[in-house]
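# Fold and geometry: a report
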Amino acid sequence: MAKTKEQIIGRGRQRVRRQRRVRRRVQGTAERPRLTVFRSNRGIFAQVIDDLEGKTMVSASSREVKDAGLDKSKMAEKVGEILAGRAKEKNIEKIVFDRGGYLYHGRVKALAEGVRKGGLDF
């Protein structure tokens, strides 16, 4: 059975509602910035943000991973490792994880594990 336009839009609205609910509690500072995740069908994107200044400190995406033979979860883990390496260069040791309204499962979890493997603490 095909989904109607309202059902598809409704799913996006639900994610935005979850995202706002999480962001009320999770806020990044200069000492402990927020790691936010955006997941699309094709890729995964992550940013480390200082919310007090409103600036992105570090970012990484699956577009930067050149290994074409990886599945999406392995690619997300690699993105997490790249992001952690860049954050270490900017002397960022601790972060707050913002899953962006997505379930902590699959690619989002793989990205978080990659960040932990890279040496960041959250």
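Our structure's up above, just so we're on the same page.
Anyway, here's the lowdown on the structure attached to this text. Keep in mind the model is a prediction, meaning the values are calculated, not measured.

Calculation criteria
- Residues numbered from 1 in each chain as written.
- Predicted model: local features only at pLDDT ≥ 70, side-chain atom pairs only at ≥ 80, totals over all residues.
- Heavy atoms only, no water.
- Patch = residues over 30% accessible without salt bridge, like charges linked within 9 Å, V, L, I, M, F, W, Y side chains within 5 Å.
- Areas by Shrake-Rupley, 256 points an atom, 1.4 Å probe, with all protein chains shown as cover.
- Salt bridge = Lys/Arg side-chain N within 4 Å of Asp/Glu carboxyl O.
- Lys, Arg positive; Asp, Glu negative; His and termini not counted.
- Charge placed at Lys NZ, Arg CZ, Asp CG, Glu CD.
- Helix = DSSP H or I, 4+ residues; strand = E, 2+ residues; numbered from the N terminus.
- Buried < 20%, exposed > 50% of the residue type's maximum accessible area, 1.4 Å probe, protein only.
- Pairing = 2+ DSSP bridges.
- Axes fitted to C-alpha atoms, helices over the stretch in contact; angles between N-to-C directions.
- Contact = heavy atoms within 4.5 Å.
- Phe/Tyr/Trp six-rings, centres within 6.5 Å; stacked < 30°, edge-to-face > 60°.
- Expected span 1.5 Å × (residues − 1).

## Regarding a positive patch on the surface
On the surface, R17, R21, R24 and R25 cluster together into a positively charged patch. In this structure, R24 sits in helix α1 (residues 5–25). Assessed through its relative accessible area of 67%, R24 is described here as exposed.

## So, the sheet that holds strand β1 (residues 34–39)
Strand pairing in a sheet is mediated by backbone hydrogen bonds. Such pairs are either parallel or antiparallel. As summarised here, the arrangement of the 4 strands in space is β3-β2-β1-β4, forming an open sheet in which the pairing is mixed. At either end of the open sheet lies a strand with only one pairing partner, and these are β3 (55–61) and β4 (96–98). Going across the sheet, the axis of each strand differs from the next one's by a mean of 20°, ignoring polarity. Strand direction decides the pairing type here: strand β2 (residues 44–50) and β3, joined by 6 bridges, are antiparallel. Paired with F45 across the bridge in β3 is S61. Its contacts with the sheet put helix α2 (residues 72–89) on β1, β2 and β3, and the angle it makes with β3 is roughly 145°.

## Some details on the packing of aromatic side chains
For the coordinates displayed, the defined rule picks out 3 aromatic pairs. Their ring planes at 85° and their centres at 6.0 Å tell us that F97 and Y104 sit as a pair that is edge-to-face. Aromatic side chains F97 and F122 sit 5.1 Å apart centroid to centroid with 15° between the ring planes, which places their arrangement in the stacked category. Taken as a pair, F97 in strand β4 and F122 in the segment after α3 (107–118) lie far apart in primary sequence, 25 residues in all.

## What to know about α2
The terminal C-alpha atoms of α2, which comprises 18 residues, lie 26 Å apart, in line with the 26 Å expected from a rise of 1.5 Å per residue. Taken together, the buried positions of α2 are occupied by M75, A76, E77, V79, G80, L83, A84 and A87. Close packing links the buried residues of α2 with β1, β2, β3 and α3. Where α2 ends, the next residue or the one after it, N91, has phi of about 60°, a positive value.

## Remarks on the pairing of β1
Pairing geometry for β1 and β2, over 6 bridges, is antiparallel. Residue pairing in the sheet places L35 in a bridge with V48 of β2. Here β1 folds back onto β2 in antiparallel fashion, the turn holding 4 residues. Taken together, the 3 bridges between β1 and β4 define a ladder with parallel strand orientation. Each residue of the ladder has a partner; that of T36, found in β4, is D98.

All we've got here are geometric facts, nothing functional implied.
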